[in-house]
Amino acid sequence: MKKFSVLIILSLAIITLSSGQKLLTLAERSNYHYSNDYPATLRLCHALDSISTMVHMDIFGKSSAGYDLPFLIVDRDGLTVPQQIKDKGRAIIMIQADIHAGEPEGNDAGFILVRDLITNRRYVQLLDHVSIIFIPVLNADGLSRLSPYNRINQNGPDIMGWRANAMNLNLNRDYLKADAPEIRAWIRLFNQYLPDFFVDCHTTDGADYQYVLTYALPLEFQLTQQQYDWVYTTYLPYVTKKMYGQGIPIFQYISFRRWADPTSGLVLSAFNPMYSTGYVWAQNRPSLLIETHMLKDFRLRLWATYYMLLHTIEAVSSTADKLIKINLQADKEASRLAGKKYTLQYKLTDDTVHVQFLGKQYHIRHSGLTGGNYVVYSDTNQTITMPLWNKYQPDRSITVPEAYIIPVQWTEVIKRLLAHGIKFYTIEDQYTDSVFTYRFSNIKFACYPYEGHQRVQSFTTEKVKTGQTFRPGSIIVPIGQRAAQIIIHLLEPEAPSSLLSWGFFNPIFEQKEYAEIRVMERLGKQMLEQDTLLGHEWTQWKATHPNASQWQQINWLYQHSPCQDPYKDIYPVGMIYSRQKLNDIVKKFCYSSK
Ligand SMILES: [Zn+2]
């Protein structure tokens, strides 16, 4: 059980420090019993800002509970304006910590690294080709909720922050729906600097193994060919060699195929754009997820994170020109997606490779508490040859339209597009047209809320054309822009984290009008007499639904009558596939945008 109270950590934090000590993290000053708390985080930002012209501190937003969100820009010439940094030919690396505030080593490791970059001659030359944006705490609310009882499975520090923000939202599920002020602020910062490489620092749960640190990089289908080649033939071999050279073996971030069953084999994780690193590949940039292991002690985890960050900076610094160039090329490729096939979802194939996995010996124990079994890991190392499922194949694909058109009344959706910095035209004159969209059927909703939303769990889509009127204020979102993948992932319903899947369009699934039994007795009989095909369907439906109530029967007839709502289960977002048509509509109805 943790021995120290919150009071002790707070009293540690207000000790007057000598100037040398000012740059030490709480981890270093407490012999790794503690990580930086929120006041220590702010104090270190100010200290580094005041000690060097190469470091500039700023605030990029506020948390949901109103805490300032600080960040540091580390640039050799003290530049802070994105274009000025880019004009120097420097690649920008964004490093983020404490998105899950109980997984803290990225905070301390990042501060030590910034300190070393500006004070250690061996490192400072790296800043010739690289500038760093360091976000020490994205989840300031979670870091302000310290307790020895958070993350009880984890091996230190003695007190830890909380996973979610003050609204109980997991920020690392919020990157597309952007409900949380922290994420909206982060997106603004990201769009402002458009970093060339992004790192998110975490600590993972789960089975024990010898690796202090596992990592996830975007998969082949999430990058352009040039980016993929850079990540897997330049970046990864370099950092792997360096980490192993320092006695820190690393491995891909994996899970067991069956939960808690080490014999079931390994599965490579893939991240869609609701996660930080998934969002960044959808913004056409490579990203790195660091997951140190919770059972390794805090000191080991912190230094593993430090070296992974340092070697990442080295790898980017030595190839900065190339990385900047291929990222700009990726932006161009994304802006030319209209008319092309785009895969929204991928699924794991049955293909496996066999890998030498540095595991730990374990045995199965019977639980007297629950009657089930559980796995207990020992300290003895063992190398195991294991199958790794690491290949994904396309599952759901679409042909990308030239533009999406969104009626003005869907204000929360339009707000999200604004939050992501998406460019669009605004319709100024009422516009009526027949547009392509989807009709949904077999709709199933989740029983429990997830991240504050009632999600649409599954559905079937059918492409249809419907007449729609778009009132002034409706928007046309052209796909010909660098954030095209973000637009697609927000607006294509079958994308894994689409706004439709989050429930932003749930009212379209509600039936608002109905027929009384006495009305449908007459109308229903007429319909069945006049339409023999409908009569046949009615007989079949009755046979397959023998327990349908009188109300359900009447409503079936209502839904097949001319009185039914033609817009129920119809996606209100339209798709325009012709560039000529897009240009004509913009010219005619969005005149002030020219
Ligand atoms: Zn995490």
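Overview of the structure. (Residues numbered from 1 in each chain as written. Predicted model: local features only at pLDDT ≥ 70, side-chain atom pairs only at ≥ 80, totals over all residues. Heavy atoms only, no water.)

What follows deals with the coordination of the zinc ion. Those protein atoms acting as donors to the zinc ion are His100 (ND1), Glu103 (OE), Glu103 (OE) and His202 (ND1), and they sit at 2.0 to 2.7 Å. Between the 4 donor atoms coordinating the zinc ion, the angles at the centre fall across 52 to 149 degrees, so the site counts as irregular. Donor residues for the zinc ion sit on one chain with the sequence pattern H-x2-E-x98-H. On the criterion of sequence distance, the pair formed by Glu103 in the loop between β3 (91–96) and α6 (105–119) and His202 in strand β5 (residues 197–204) is long-range, its members being 99 residues apart. (Donors = N, O, S within 2.8 Å, 3.2 Å for Na, K, Ca; no water. Tetrahedral: all angles 85-135°; square planar, octahedral: opposite > 155°, others 65-115°. Helix = DSSP H or I, 4+ residues; strand = E, 2+ residues; numbered from the N terminus.)

What follows deals with the nonpolar core. Ranked by size, the top nonpolar core spans 80 residues in total, and within it Trp186, Ile406 and Phe505 carry the most contacts. Looking at which element gives the most residues to this core, the answer is helix α9 (residues 181–193), with 7 residues. Of the domains in this structure, domain 1 (6–334) and domain 3 (395–511 + 567–593) are the two that each give at least three residues to this core. Ignoring anything within four residues of it in the chain, the contact list for Trp186 reads Phe60, Met94, Gln96, Ile135, Leu138, Tyr175, Phe198, Tyr279 and Val280. Judged by nonpolar contacts, the second largest core, of 60 residues, contains Tyr32, Ile112, Val212 and Phe298. (Core = buried A, V, L, I, M, F, W, Y, C linked by side-chain atoms within 4.5 Å. Buried < 20%, exposed > 50% of the residue type's maximum accessible area, 1.4 Å probe, protein only. Domains from an automatic or database assignment. Contact = heavy atoms within 4.5 Å.)

The subject of this paragraph is helix α10 (residues 225–245). The periodicity of an α-helix, 3.6 residues per turn, causes residues three or four positions apart to be oriented the same way. The terminal C-alpha atoms of α10 lie 29 Å apart, and with 21 residues this matches the ideal 30 Å at 1.5 Å per residue to within 8%. The axis of α10 is deflected most strongly, by about 35 degrees, at Leu236, and proline Pro237 appears within four residues downstream. Regarding α10, the residues found buried are Gln227, Trp230, Val231, Tyr235, Leu236, Val239 and Met243. Buried positions along α10 lie against β5, β6 (213–216), β7 (250–252), β10 (287–293), α12 (298–318) and α13 (320–334). (Expected span 1.5 Å × (residues − 1). Bend = angle between axes of the 7 residues up to and from the residue.)

Attention now moves to the pairing of β10. On any regular strand, side chains alternate: one points to one face of the sheet, the next to the other face. The buried fraction of β10 is high, at 7 of 7 residues. Of the two faces of β10, the one lined by Ser287, Leu289, Glu291 and His293 and the one lined by Leu288, Ile290 and Thr292 are each fully buried. Judged from the 4 bridges that link them, β6 and β10 form a sheet pairing that is antiparallel. Along β10, the bridge assignment pairs Ala216 with Leu289. (Pairing = 2+ DSSP bridges.)

Negative phi characterises most residues that are not glycine, and trans characterises most peptide bonds. Cis peptide bonds are those with omega within 30 degrees of zero, and the linkage from Gly156 to Pro157 qualifies with 0 degrees. Even without being a glycine, Tyr32 presents a positive backbone phi close to 65 degrees. Mapping Tyr32 onto the fold places it in the loop between α3 (26–29) and α4 (38–51).

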